[in-house]
Amino acid sequence: MAKQSKRQKKTRVQKAPVGIPKKEHQQRITYMFKVGSLMAAKLKPQVENNLGTFDVLSRSYLRNMELLSKKAVLKLHPNVKRTICKECHRFLLPGLTCKLRLKNYSKAKKDECDILEVSCTCGSVKRYPIGRDEGYKLFSERADVLFDPGTGPSDKP
Ligand SMILES: [Zn+2]
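Fair warning: this is a prediction, and the values are worked out from it, not measured in the lab.

## Considerations on the overall build of the protein chain
- Of regular secondary structure, the protein chain possesses four helices and five strands.
- Order of helices (α) and strands (β) in the protein chain, N terminus to C terminus: α-α-α-α-β-β-β-β-β.
- Evaluated residue by residue, the protein chain yields a buried proportion of 29% over its 157 residues.
- If you take every contact in the protein chain between residues at least 6 apart in sequence, the share linking residues at least 24 apart comes to 47%.
- Carbon and sulfur atoms make up 55% of the accessible area of the protein chain, which amounts to about 12,300 Å² in all.

## Observations regarding the pattern of salt bridges
- Applying the stated criterion across every chain, the model contains three salt bridges.
- Among the salt bridges present, the one from E117 reaches R127, with a minimum N-O distance of 2.9 Å. Taken together, the residues E117 in strand β2 (residues 114-120) and R127 in strand β3 (residues 125-129) connect sequence positions 10 residues apart.
- Residue classification places E117 among the buried residues on the basis of a relative accessible area of 5%.
- When salt bridges that share partners are traced, they join D55, R59 and R90 into one network.

## Observations concerning the pairing of β3
- Of the two faces of β3, only one is covered, namely that formed by K126 and Y128; the face formed by V125, R127 and P129 stays uncovered.
- Where β2 and β3 come together, five bridges link them in antiparallel fashion. Within the sheet, the bridge partner assigned to V118 lies in β3 and is K126.
- Count of turn residues in the β2/β3 antiparallel hairpin: four residues, of which G123 carries a positive phi of about 110 degrees.

## Comments concerning the coordination of the zinc ion
- The coordination sphere of the zinc ion, as far as protein atoms go, consists of C85 (SG), C88 (SG), C120 (SG) and C122 (SG), spread over 2.2 to 2.4 Å.
- Within one chain, the residues serving as donors to the zinc ion are arranged as C-x2-C-x31-C-x1-C.
- When its relative accessible area of 9% is taken as the criterion, C120 is described as buried.

## Let's talk about the side chain of T97
- The topology assignment puts T97 in the loop between α4 (78-81) and β1 (98-104).
- Separated by 2.8 Å, the side chain of T97 and the backbone nitrogen of L93 make a polar contact.
- Discounting chain neighbours no more than four positions away, the residues touching T97 are L43, R90, F91, L92, S119, C120 and T121.

## So, a negative patch on the surface
- A cluster of acidic side chains, namely D111, E112, D133 and E134, defines a negative patch on the protein surface.
- Along the chain, D133 turns up in the loop between β3 and β4 (147-148).
- Here D133 falls in the partly exposed class, since its relative accessible area comes to 47%.

The rules behind the values
Residues numbered from 1 in each chain as written. Predicted model: local features only at pLDDT ≥ 70, side-chain atom pairs only at ≥ 80, totals over all residues. Heavy atoms only, no water. Helix = DSSP H or I, 4+ residues; strand = E, 2+ residues; numbered from the N terminus. Buried < 20%, exposed > 50% of the residue type's maximum accessible area, 1.4 Å probe, protein only. Contact = heavy atoms within 4.5 Å. Areas by Shrake-Rupley, 256 points an atom, 1.4 Å probe, with all protein chains shown as cover. Salt bridge = Lys/Arg side-chain N within 4 Å of Asp/Glu carboxyl O. Pairing = 2+ DSSP bridges. Donors = N, O, S within 2.8 Å, 3.2 Å for Na, K, Ca; no water. Polar contact = N/O pair within 3.5 Å; in protein donor to acceptor, adjacent residues only side chain to side chain. Patch = residues over 30% accessible without salt bridge, like charges linked within 9 Å, V, L, I, M, F, W, Y side chains within 5 Å. Lys, Arg positive; Asp, Glu negative; His and termini not counted. Charge placed at Lys NZ, Arg CZ, Asp CG, Glu CD.

Right, dumping it as structure tokens:
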């Protein structure tokens, strides 16, 4: 009996999901991200530190969005995660709430060692190696991970 059940697990075909799991949570996360980014877009570039109402609202929406995604065990898309500061939950808009710099700390100044630095107004810095692999794709954008409802995960490289 036990061997038969193990065999059944191995040969089970992955089925397409019936509906969207945790649809209400995903809708709420999407709404909070939209509102948070809209509030951040209303910030004025001339104001020092941007501590106005829009900043507070934007940060609270984005913080609630992260908390909800953790509570509902839903992963945020990497593009969404990269637009939010982990320290202060600010929406990162270049020139407004963050600064983008291209750095190269290697002595030989090789192109492979280029680093994109995103520094938030709170002082936290994120670094992304952008020169290492030009054909790099995020995990969620790779073709072998994408789900095809007809056949399951595609086998294309
Ligand atoms: Zn920050």
